[in-house]
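# Tertiary structure, described
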Amino acid sequence: RGLRSLYGFNPFYFGGHSLGEYSALVAAGAMPLEEALRITQIRGQLMQKASPVGHGAMAAVISDDLDLEKLDDAIKGLPMDIANINSTRQVVLSGQSVAMPEIEKRLKEMAKESDGFRFVPLNVSAPFHSRFMETVKDSFKDTLTKLSKKLTPSNAGRVTSNFSGIFHTDSKKEILDRLVSQLSGTVQWKKNMHTLAARADLIYEVGPGRPLRDFFKTIGVTCSSITTLQSARRLFEPTGPVGVSEAG
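Residues numbered from 1 in each chain as written. Predicted model: local features only at pLDDT ≥ 70, side-chain atom pairs only at ≥ 80, totals over all residues. Heavy atoms only, no water.

On to the pattern of salt bridges, then. The final tally for this structure, using the stated rule, is eleven salt bridges. Between Glu104 and Lys108 there is a salt bridge, with the nearest N and O atoms lying 3.0 Å from each other. Of the two residues, Glu104 and Lys108 both sit in helix α5 (residues 100-110), four residues apart, roughly one turn of that helix. Residue class for Glu104 comes out partly exposed when judged on its relative accessible area of 24%. According to the relative accessible area criterion, Lys108 is partly exposed, its value standing at 49%. Ionic pairing is found between Asp177 and Lys141, a salt bridge with its closest N-O pair at 3.9 Å. Here Asp177 is found in helix α8 (residues 172-181), whereas its partner Lys141 is found in helix α6 (residues 137-147), with 36 residues between them in sequence. Residue classification places Asp177 among the partly exposed positions, given a relative accessible area of 25%. Take Lys141: its relative accessible area is 41%, and that puts it in the partly exposed class. Three or more residues are tied together by salt bridges with common partners; here these are Lys141, Lys173 and Asp177. (Salt bridge = Lys/Arg side-chain N within 4 Å of Asp/Glu carboxyl O. Helix = DSSP H or I, 4+ residues; strand = E, 2+ residues; numbered from the N terminus. Buried < 20%, exposed > 50% of the residue type's maximum accessible area, 1.4 Å probe, protein only.)

Laid out in structure tokens, this is it:
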């Protein structure tokens with residue numbers, strides 16, 4: 001809203017990673033901010049209740065030559081799921097903490113030295129986007145149904161769905177179903193990026209950090225980050241590009 005007020009910034013397409021999907025829905029005018037805040041607060045509480053503290057864990061798997069089929073084979077038989085497909089070289093695993101040492105061992109045995117393989121445990125309190133979130137999906141669906149009365153489905157069609165990897169439809173039921181499925185499903189961020197890049201001429205990442213910029217680089221797409229007012233000035237005041245018509 002600040003960028004719109006100051007510079008006439010008017011993106012047409014939107015995407016957000018995990019919790020950021022709600023930010024994208026608000027920015028697109030599909031969901032009022034007040035409802036989004038209440039929904040995400042309850043969402044966080046439910047996801048935390050789904051798994052006892054200390055029982056869940058997540059880790060990023062980073063490799064220059066990331067093979068999803070081999071990764072999927074490596075986690076078979078373990079209480080572990082693919083939580084995020086972030087880019088061509090980063091996937092996040094999520095599941096029970098007791099399985100982390102074994103999956104790290106398996107992946108290290110599979111990795112080649114030339115792949116730049118890394119296994120990075122994440123500082124999280126629950127196994128988000130995994131089967132262990134299934135127990136709270138019904139409660140979250142009830143929350144969404146009650147708090148989404150002011151949803152504008154036609155605007156959601158400009159926002160990518162983490163669950164499907166493509167744009168939301170204008171069906172309220174489908175939008176809510178995908179948001180519920182996102183709790184325990186894989187965040188298809190790589191597909192989200194391709195979906196946005198196929199429509200947008202320019203892509204901007206708006207927020208306090210720039211993690212998504214590097215993900216876009218892996219698919220050969222330039223993403224400019226707006227993290228501060230100063231960075232916005234550099235982009236939109238006379239010395240920078242103006243008249244942006246499309247952005248993700």
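Time to look at the layout of surface pockets. Its boundaries defined by the atoms lining it, the second largest pocket holds a volume of some 230 Å³. For the second largest pocket, the lining is made up of 13 residues, of which Asp65, Asp67, Lys70, Met110 and Asp115 are closest to its centre. Mapped by element, the contributors of at least two residues to the lining of the second largest pocket are α4 (68-75) and α5. When its residues are assigned to classes, the lining of the second largest pocket shows seven nonpolar, one polar and five charged. (1 Å grid on protein atoms, 1.4 Å probe; cavity = no way out; pocket = protein on both sides within 12 Å on 5 of 7 lines; lining within 4 Å. Points joined across faces, edges and corners; volume = space filled by probe spheres on them. Nonpolar A, V, L, I, M, F, W, Y, C, P; charged D, E, K, R; others polar.)

Attention now goes to the pairing of strand β2 (residues 80-87). Taking burial as the measure, the eight residues of β2 include eight buried ones, the bulk of the element. Pairing of β2 with strand β3 (residues 90-96) involves six bridges; the strand directions are antiparallel. Counted as the bridge partner of Met80 is Gly95 from β3. Between β2 and β3, which pair antiparallel in sequence order, lie two residues. (Pairing = 2+ DSSP bridges.)

What follows is about the packing of aromatic side chains. Counted according to the given criterion, the structure contains seven aromatic pairs. Taken together, a centroid distance of 5.6 Å and an interplanar angle of 55° make the contact between Tyr204 and Phe236 tilted. Residue Tyr204 is located in strand β5 (residues 204-206), and its partner Phe236 is located in helix α11 (residues 229-236); the two are separated by 32 residues in the primary sequence. With respect to class, Tyr204 is no different from Phe236; both count as buried. One aromatic cluster is present, formed by Tyr7, Phe9, Tyr204 and Phe236 through successive ring pairs. The lysine or arginine in question, Arg158, covers the ring of Phe12, its NZ or CZ lying 4.9 Å from the ring centre. (Phe/Tyr/Trp six-rings, centres within 6.5 Å; stacked < 30°, edge-to-face > 60°. Lys NZ or Arg CZ within 6 Å of the ring centre and 35° of its normal.)

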